[in-house]
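A closer look at the structure
One-letter residues, chain by chain:
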Amino acid sequence: MQVVLDDYVHGAAFATELVNTSPKVWVVAGDRLTDPCSLQSFLNDNHVNTGDLPEKRDLEQVRSLREKLREVLDAPSAAVLVDLTHDLLSAVPHHIELVELDNDEWRWLAITDLAGAGSLAEELAIFVGYALLGTVRTLGFERFRSCASPTCNGVFVDVSRGGRRRYCMPELCGNRINVANHRQRKQAHGTG
């Protein structure tokens, strides 16, 4: 996997989605990554093409990466977040190259040194690690947040243009809050 270093949005969004597959977030439903097939579906849904189909070993390693990423996203300061991310990246042999793409466009790429022999989790660590550092650099530490829903344990990286995102899963957590607020307003006006 080659990771474009100046495209942090996709990697940071992926980190959010991966962390929020945890049973720590899905307390009642449980782990969203239950087997290699669910991991493959998750990768497909998040537009991450890794080539080979995941195996049980990959699932276990990606779950371990997910826990490390949770520590990163829960970091109390930018300095701690950066240090944890550096630790994550230093565990995977890789190098940075300036590569010419189409039309004389040059991009910085992170490339694993394992020549295709790296694990899925190592490839994903490079992908999300540089994205998280890019997010801190470009948007700031305040874009790393906990979900605003009082019933959710999720975290997220807000890579939205306006930076006003409040929920880890807006379509789920945000919708629940909106429905609850709507019901409360109806009751207050005596229409419920």
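All figures in this text were calculated on a predicted structure; none of them were measured in a lab.

Focus: the overall build of the protein chain
What the protein chain contains, in helices and strands, is six helices and five strands. Scanning the protein chain from its N terminus toward the C terminus, one meets helices and strands in the order β-α-α-α-α-β-β-α-β-β-α. The buried share of the protein chain, reckoned over its 192 residues, is 43%. A sequence separation of at least 24 residues applies to 57% of the contacts in the protein chain between residues at least 6 apart. By element, 50% of the accessible surface of the protein chain is carried by carbon and sulfur atoms, the whole surface being about 10800 Å².

What to know about the packing of aromatic side chains
Tallied over the entire structure, the rule returns three aromatic pairs. Judged by centre distance (5.3 Å) and plane angle (50°), the rings of F14 and F42 are tilted. Linking F14 in helix α1 (residues 8–19) with F42 in helix α2 (residues 36–45), this pair joins segments that are 28 residues apart in sequence. For the pair F14 and F42, one class covers both residues: buried.

Some remarks on the pattern of salt bridges
By the definition in use, this model includes ten salt bridges. The shortest N-O distance in the salt bridge between E105 and R107 comes to 3.3 Å. Look at E105 and you get partly exposed, because its relative accessible area is 37%. The salt bridge involving R145 is made with D158; its shortest N-O contact spans 2.6 Å. Here the residue R145 occupies a position in strand β4 (residues 144–146), and D158 occupies one in the loop between β5 (155–157) and α6 (170–188), the gap between them amounting to 13 residues.

Conventions used here
Residues numbered from 1 in each chain as written. Predicted model: local features only at pLDDT ≥ 70, side-chain atom pairs only at ≥ 80, totals over all residues. Heavy atoms only, no water. Helix = DSSP H or I, 4+ residues; strand = E, 2+ residues; numbered from the N terminus. Buried < 20%, exposed > 50% of the residue type's maximum accessible area, 1.4 Å probe, protein only. Contact = heavy atoms within 4.5 Å. Areas by Shrake-Rupley, 256 points an atom, 1.4 Å probe, with all protein chains shown as cover. Phe/Tyr/Trp six-rings, centres within 6.5 Å; stacked < 30°, edge-to-face > 60°. Salt bridge = Lys/Arg side-chain N within 4 Å of Asp/Glu carboxyl O.

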